[in-house]
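What follows is each chain in one-letter form.
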Amino acid sequence: MKKPIFIVFEGGEAVGKSTMIRMLKERLEKKNIHTVVLRNPGTTPVGDMVRNLALDPSPEAKHYTTNAMRAAMMMASFRSVIERIVLWDQAQEMPDVILCDRWWTTTMVYQGIADRYPADQNIKTVTSLAEPLLTSIPSKINFLHPPTVLLSVHPEVSRVRRMLRDPATRDVMEQEPNDFHIGVHNRYLEWYRQNESRGNILVEVTSPITTVEQTFHLLCDMLVQARFLRKEWLTPTEETKEE
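None of the values given here were measured: they were computed from a predicted structure.

1. Notes on the pattern of salt bridges
Then comes step 1: Counted by the stated rule, this structure contains 7 salt bridges.
Then comes step 2: As a salt-bridge pair, Glu29 and Lys25 come within 2.8 Å of each other at their nearest N and O atoms. Taken together, the positions of Glu29 and Lys25, both in helix α1 (residues 17-30) and 4 residues apart, correspond to about one turn of that helix.
Then comes step 3: For Lys25, a relative accessible area of 24% gives the class partly exposed.
Then comes step 4: Note that Glu190 is salt-bridged to Arg187, the shortest N-O span being 3.9 Å. Here the residue Glu190 and the residue Arg187 both occupy positions in helix α8 (residues 178-195), the gap between them amounting to 3 residues, near one helical turn.

Here it is, written out as structure tokens:
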């Protein structure tokens, strides 16, 4: 089995995950590094169905879809994404790098805040669901504890960014009150402190005037320092420098 580099990006709403992933994919592909982006929930037909239902902001969906149900649906999405990767391997189409927008840590953080579980209780609950699903398929990829980049911005910066988004496109999580998002921010930092020894990366943007380019430069430096990616893969090409 060809072993790709599998990196997860985590963080709350409006921290810039999608932007950083897009910029990183573009940089890698300019170096001819075959890179694929996965989204969880999403990516597969099952994942897309889970995403549409779990993030539906309609009153009907909020009423009939409990947080426990969302957690179970996320596990189905994880399994479908892993099986997609296995199919790539069987077809000898495995990419060099897989960038994954959210993984099971998202479920642990978000469902814990939504259900107001104590942190320890929620970690045990979600881990008991995730571990059998993420370890039952033979693979050289560590799906249970993959290398993870946590993007973090000050809660007030996140709030302003969310408010700038079109209200018609905000999902159920983006519509939660600000204290919910502060809880998500704090829970992610708590998770990072507990898992820093695994080699995970924290990219923390504390200034509201920090540009996207500055954040991306910091991210690239940290990916190299942590040996997640090779330095020569992230060195800007002449075309990138001109941009």
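Text resumes after the structure shown.
2. A look at the sheet that holds strand β5 (residues 201-205)
Then comes step 1: Taking strand neighbours across the sheet as the criterion, the 5 strands line up as β2-β3-β1-β4-β5 in an open arrangement whose pairing is parallel. This sheet does not close on itself; its edge strands, each paired only once, are β2 (35-39) and β5. Between one strand axis and the next, the sheet turns through 20 degrees on average, direction left out of account.
Then comes step 2: In this structure, strand β1 (residues 5-10) lies alongside strand β3 (residues 97-101), joined through 5 bridges in parallel fashion. Each bridged residue has a counterpart across the sheet, and for Ile7 the counterpart in β3 is Leu99.

3. Here we look at the packing of aromatic side chains
Then comes step 1: Here the structure, examined in full by the defined rule, presents 6 aromatic pairs.
Then comes step 2: Here Phe6 and Phe143 contribute two aromatic rings whose centre-to-centre distance is 5.5 Å and whose plane-to-plane angle is 80 degrees, an arrangement assigned as edge-to-face. You can see Phe6 sitting in strand β1 and its partner Phe143 sitting in the loop between α6 (119-135) and β4 (148-153), a full 137 residues away along the chain.
Then comes step 3: On the accessibility criterion, Phe143 (2% relative accessible area) is buried.
Then comes step 4: Arranged with centres 6.5 Å apart and planes meeting at 75 degrees, the rings of Tyr110 and Tyr188 form a pair that is edge-to-face. Here the residue Tyr110 occupies a position in helix α5 (residues 104-115), and Tyr188 occupies one in helix α8, the gap between them amounting to 78 residues.
Then comes step 5: In textbook terms, an aromatic cluster arises when at least three aromatic residues are bridged by ring pairs, as seen for Phe6, Phe78, Trp103 and Phe143.

4. Considerations on the nonpolar core
Then comes step 1: In terms of nonpolar packing, the biggest core is built from 39 residues, with Phe6, Leu38, Ile85, Trp103, Trp104, Leu134 and Phe143 touching the most fellow members.
Then comes step 2: Secondary-structure elements contributing two or more residues to this core are β1, β2, α2 (45-54), α4 (67-90), β3, α5, α6 and α8.
Then comes step 3: Take this core: its biggest share by element is 8 residues, from α4.
Then comes step 4: In this structure, Phe9, Met23, Phe216 and Leu219 belong to the second largest nonpolar core, which totals 26 residues.

5. Structural notes on the packing of α1 against helix α9 (residues 212-225)
Then comes step 1: Contact geometry of α1 with α9 gives a least axis separation of 10 Å together with a crossing angle of 65 degrees. Considering the relative orientation of α1 and α9, their crossing is right-handed. For the pair α1 and α9, contact is made by Thr19, Met20, Met23, Leu24 and Arg27 and by Val212, Thr215, Phe216, Leu219, Cys220 and Leu223, respectively.
Then comes step 2: For the contact of α1 with α9, the class distribution of residues is 8 nonpolar, 2 polar and 1 charged.

6. Quick look at α1
Then comes step 1: Here α1 spans 20 Å end to end across 14 residues, near enough to the 20 Å set by a 1.5 Å rise per residue.
Then comes step 2: Just downstream of α1, Asn32 is the residue with a positive phi angle, here 65 degrees.

7. Observations regarding the pairing of β4
Then comes step 1: Counting buried positions along β4 gives 6 out of 6 residues, so the element sits mostly inside the fold.
Then comes step 2: The side-chain alternation of β4 yields two buried faces, one formed by Thr148, Leu150 and Ser152 and the other by Val149, Leu151 and Val153.
Then comes step 3: In this structure, β1 lies alongside β4, joined through 3 bridges in parallel fashion. Opposite Phe9, over in β4, you have Val149 as the bridge partner.
Then comes step 4: The pairing of β4 with β5 spans 5 bridges and is parallel. Bridging across to β5, Val153 finds its partner in Val205.

8. Focus: the pairing of β3
Then comes step 1: Counting buried positions along β3 gives 5 out of 5 residues, so the element sits mostly inside the fold.
Then comes step 2: Bridging between β2 and β3 involves 5 bridges; their strand directions are parallel. Opposite Leu38, over in β3, you have Cys100 as the bridge partner.

Thresholds, definitions, all that
- Residues numbered from 1 in each chain as written.
- Predicted model: local features only at pLDDT ≥ 70, side-chain atom pairs only at ≥ 80, totals over all residues.
- Heavy atoms only, no water.
- Salt bridge = Lys/Arg side-chain N within 4 Å of Asp/Glu carboxyl O.
- Helix = DSSP H or I, 4+ residues; strand = E, 2+ residues; numbered from the N terminus.
- Buried < 20%, exposed > 50% of the residue type's maximum accessible area, 1.4 Å probe, protein only.
- Pairing = 2+ DSSP bridges.
- Axes fitted to C-alpha atoms, helices over the stretch in contact; angles between N-to-C directions.
- Phe/Tyr/Trp six-rings, centres within 6.5 Å; stacked < 30°, edge-to-face > 60°.
- Core = buried A, V, L, I, M, F, W, Y, C linked by side-chain atoms within 4.5 Å.
- Left-handed = near helix turned anticlockwise from the far one by under 90°.
- Contact = heavy atoms within 4.5 Å.
- Nonpolar A, V, L, I, M, F, W, Y, C, P; charged D, E, K, R; others polar.
- Expected span 1.5 Å × (residues − 1).

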